[in-house]
Amino acid sequence: MNLCVLVLGLSLVLTVCVARSPYQAVLQHSRIRGRLQGPNVCAMQQLKGTDKKYFTNCKQWYHRKICGKPTVITYECCPGYEKIPGEKGCPAALPLVNIYNTLGVVGASTTQMYSERAKLKEEIEGPGSFTFFAPSNKAWTALPTEILDALVSNVNIELLNALHYHMVNRRLTSEELKHGSSFASMYQDFPVHIQHYSNGIVTVNCARLIKPDQHATNGIVHVVDRVITAVSNTVQSLLDIDESLETLQTAMAAAGLTTMLENEGQYTVFAPTNEAFEKIPQETLNRILGDPVALRDMLNYHILKQIQCAESIVSGTPMETLQGTVLEVGCDGDQMTLNGKAIITKTDQLGTNGVIHFINELLIPDSAKVLLELAEGSSVATVTRLFVEAGLTPYLTGSEALTMLAPLDDAFKGSLTMTPEMRKLMTNHIVKEQLSSKSLYHGQELETLGGLKLRVFVYRNNLCIENACIAAHDKTGRYGTMFTVDKVLSPPTGTVMDVLKADDRFSLLVGAIQTAGMTELLNQQGELTFFAPTNNAFTAINQLELNRLMRNRQELAGVLRYHLGEGMLVSGGVGSHTRIKPLQGDKLELGVRNYTVYVNKVPVADADLMATNGVVHAVNSIIKPLPPKVDRDREQADGPAALLRPAASSLADAKRFKNDDLFQKVVRSRSSRTMNKSQ
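In this text the structure is predicted, and so the values were computed from the model without any measurement.

Caption draft 1: Main features of the pattern of salt bridges. The final tally for this structure, using the stated rule, is 25 salt bridges. Residue Lys487 is joined to Asp486 by a salt bridge in which the shortest nitrogen-to-oxygen separation is 3.4 Å. Through salt bridges with shared partners, a single ionic network connects Lys52, Arg208 and Glu311.

Dropping the structure here:
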């Protein structure tokens, strides 16, 4: 079994390497998938409930889906081969006959019939070297009745002209049908436009070649899935003559984009109809139409840099727009989609320099939005409401350069009624400058509308502003930027000592700090991370031992200094095997499990109590050094950039803690319990 898979894999690699074009690559892959059925058999993927078939590639083969819909695998003769009764597969090459006779055996008998009626039979039976893009039988049936009647009722001219437009006066294999190429047809040299996509799909005037490379003695036949018509207008001309696009025409002229769509190029325009513009709030529409920069950005967001025919799409694909960002162009069954939405109402209106798809919804890129619109289109509904209730709408809809710090909805806990404190907090979530997260640096200070200075912390695994870390890519609007953050900001309210004094959970710790003579340390300027034992941590210690510890100022100071790390480390900066150097003793080791931070295996009960000179993390146990671990010092440190020291062992600190009576008693207690168990 493994050998079969290996051989198949090697075959796939080798055939893809020698494939000369994307179409040839998928054809060869289909041959490999079908070879167990016999020679020259191709595996096809057919959309369930339809007769649409595709040569398959690896991704489609394993997913068994096209345009999000399930497919079934069918097997048929590869192009140029046929079955022989009683033999496996398709061992025989099709007899090479002229184009007229070839039409009858490749599923284009209706084209054959119309060729005879239009007096084209003699030409395609005779000498020459032609390429015939022959509509399938179903393609003729799909033509509107009035168009078909007009063609066949005037057999002398219109039908002949239509068929000649499907022909090129030279032999063109699929290999020669290059992406973006054009060839003069046999109808007044009007060009036919070729697209050869990377997924192996080839189109002519946006009609898909469903049976390419059917060779004949006097040329080659490519069966296509629709009847094609001559193209003479530019994309801009097509926009100008359609009454349902009048608003778009006005907007394009105001933005100065008409000239571009009149010139040579390869464009795809997703053209919003008048109805699409009417769905936008008038105030928003007027603002964009009155702002040349926003208007140009919005319109360029509707234009791709290449021609994308509807039949070329088999799955969602990000495609770059002229505005610079991407649209996901995809499909859902027989519907073409944009950003996952089926808003395309008419497809493949082909011009000489591109294609138009009509859409019933206006696409507004972030770059044309104000801050409030950025927030309304994201998963930050709670903070958006609070901004409005706090009276900050003028800032979020104006032209002042600002950056909004928008916490995710699940970051908010408890009551969210608007109070003076809440209003002040919301004001401090707006920074007085339009920023990019890529330009932030460690130690940078950002001033808020409320006048506070917020600090930036850069870690290996995160970028944080105070306690809140950036949780999504920037949304850059017309005047402002939105940073989505994982927590509600908790701006510092005082020094580390002030934070501890203001919280009843730390009353015993405050007394211990004062006893140890460390009050000044926790009030002075600096950057400290304090894993602060709560009252519960102290009451968990044996009372006699606690009393002894409180009487020994030096020993008490050593214990407390082991809980104080150098540098600022908020919870968002903790990754796997993060280390921080304490003021006394060996390293502290941190990690995260189930969204809880652990320090030396002690869980942090309440993280990120921000202070002007550090951060406090509450712990409900006294933190003790971890037992030695082989090669522990070889692990990679993950602490704050440029602040956390390497985690090398300190022999002096180790000796100092060996003499620490408190930890010695703990170690002896553990050893005693172990010995008792072994006995």
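Caption draft 2: Region of the structure containing the sheet that holds strand β9 (residues 182-184). Pairing within the open sheet is mixed, and its seven strands lie in the order β8-β7-β13-β12-β11-β10-β9. Edge positions in the open sheet fall to β8 (167-168) and β9, since each of these has one partner strand only. In this structure, strand β7 (residues 130-135) lies alongside β8, joined through two bridges in antiparallel fashion. Its bridge partner lying in β8, Phe132 is registered against Met167. Taken strand by strand, helix α2 (residues 22-34) contacts β10 (191-196), β11 (202-204) and β12 (207-216), and its axis lies near 80 degrees from that of β12.

Caption draft 3: Geometry of the environment of Val602. Relative to the helices and strands, Val602 is located in strand β34 (residues 602-611). Along the backbone, Val602 and Asn620 are 18 residues apart, and their C-alpha atoms lie at a distance of 8.1 Å.

Caption draft 4: Representation of the pairing of strand β29 (residues 528-533). Here β29 lies mainly inside the structure; six of its six residues are buried. Bridge count for β29 against strand β30 (residues 564-566) is three bridges, and the pairing is antiparallel. Across the sheet, the residue bridging to Leu528 is Glu566, located in β30.

Caption draft 5: Just α2, in detail. The terminal C-alpha atoms of α2, which comprises 13 residues, lie 18 Å apart, in line with the 18 Å expected from a rise of 1.5 Å per residue. Across the 13 residues of α2, ten count as buried, placing the element largely inside the fold. For α2, the complete set of buried residues consists of Tyr23, Gln24, Val26, Leu27, Gln28, His29, Ser30, Ile32, Arg33 and Gly34.

Caption draft 6: Broad picture of the packing of aromatic side chains. Taken as a whole and judged by the stated rule, the model has four aromatic pairs. Ring centres of Tyr23 and Phe55 lie 5.8 Å apart, and the angle between their planes is 70 degrees; this geometry places the pair in the edge-to-face category. Note that Tyr23 is positioned in helix α2 and Phe55 in strand β2 (residues 53-55), a separation of 32 residues in sequence. When its relative accessible area of 3% is taken as the criterion, Tyr23 is described as buried. Arranged with centres 4.7 Å apart and planes meeting at 65 degrees, the rings of Tyr114 and Trp140 form a pair that is edge-to-face. Placement of the pair is Tyr114 in helix α5 (residues 109-117) and Trp140 in helix α7 (residues 137-142), with a sequence separation of 26 residues.

Caption draft 7: View of the packing of helix α11 (residues 246-255) against helix α15 (residues 292-300). Interaxial distance between α11 and α15 falls to 9 Å at its minimum, and their mutual angle equals 125 degrees. Here α11 is positioned oblique relative to α15, judged by the angle of their axes. Of the two elements, α11 crosses α15, and the hand of that crossing is left-handed. Residues Leu248, Ala251, Met252, Ala254 and Ala255 of α11 lie in contact with α15, whose contacting residues are Leu295, Arg296 and Leu299. Residues belonging to the contact of α11 with α15 are distributed by class as follows: seven nonpolar, no polar and one charged.

Caption draft 8: Looking closely at the sheet that holds strand β14 (residues 267-272). Strand order in the open sheet formed by four strands is β15-β14-β20-β19, with mixed pairing between adjacent strands. What marks the edges here is a single partner per strand, and that holds for β15 (303-304) and β19 (344-351). When β14 meets β15, the two strands line up antiparallel, connected through two bridges. Its bridge partner lying in β15, Thr268 is registered against Leu304.

Cut-offs and rules
- Residues numbered from 1 in each chain as written.
- Predicted model: local features only at pLDDT ≥ 70, side-chain atom pairs only at ≥ 80, totals over all residues.
- Heavy atoms only, no water.
- Salt bridge = Lys/Arg side-chain N within 4 Å of Asp/Glu carboxyl O.
- Pairing = 2+ DSSP bridges.
- Helix = DSSP H or I, 4+ residues; strand = E, 2+ residues; numbered from the N terminus.
- Contact = heavy atoms within 4.5 Å.
- Axes fitted to C-alpha atoms, helices over the stretch in contact; angles between N-to-C directions.
- Buried < 20%, exposed > 50% of the residue type's maximum accessible area, 1.4 Å probe, protein only.
- Expected span 1.5 Å × (residues − 1).
- Phe/Tyr/Trp six-rings, centres within 6.5 Å; stacked < 30°, edge-to-face > 60°.
- Parallel < 35°, antiparallel > 145°, perpendicular 65-115°, else oblique.
- Left-handed = near helix turned anticlockwise from the far one by under 90°.
- Nonpolar A, V, L, I, M, F, W, Y, C, P; charged D, E, K, R; others polar.

Geometry only, nothing functional implied.
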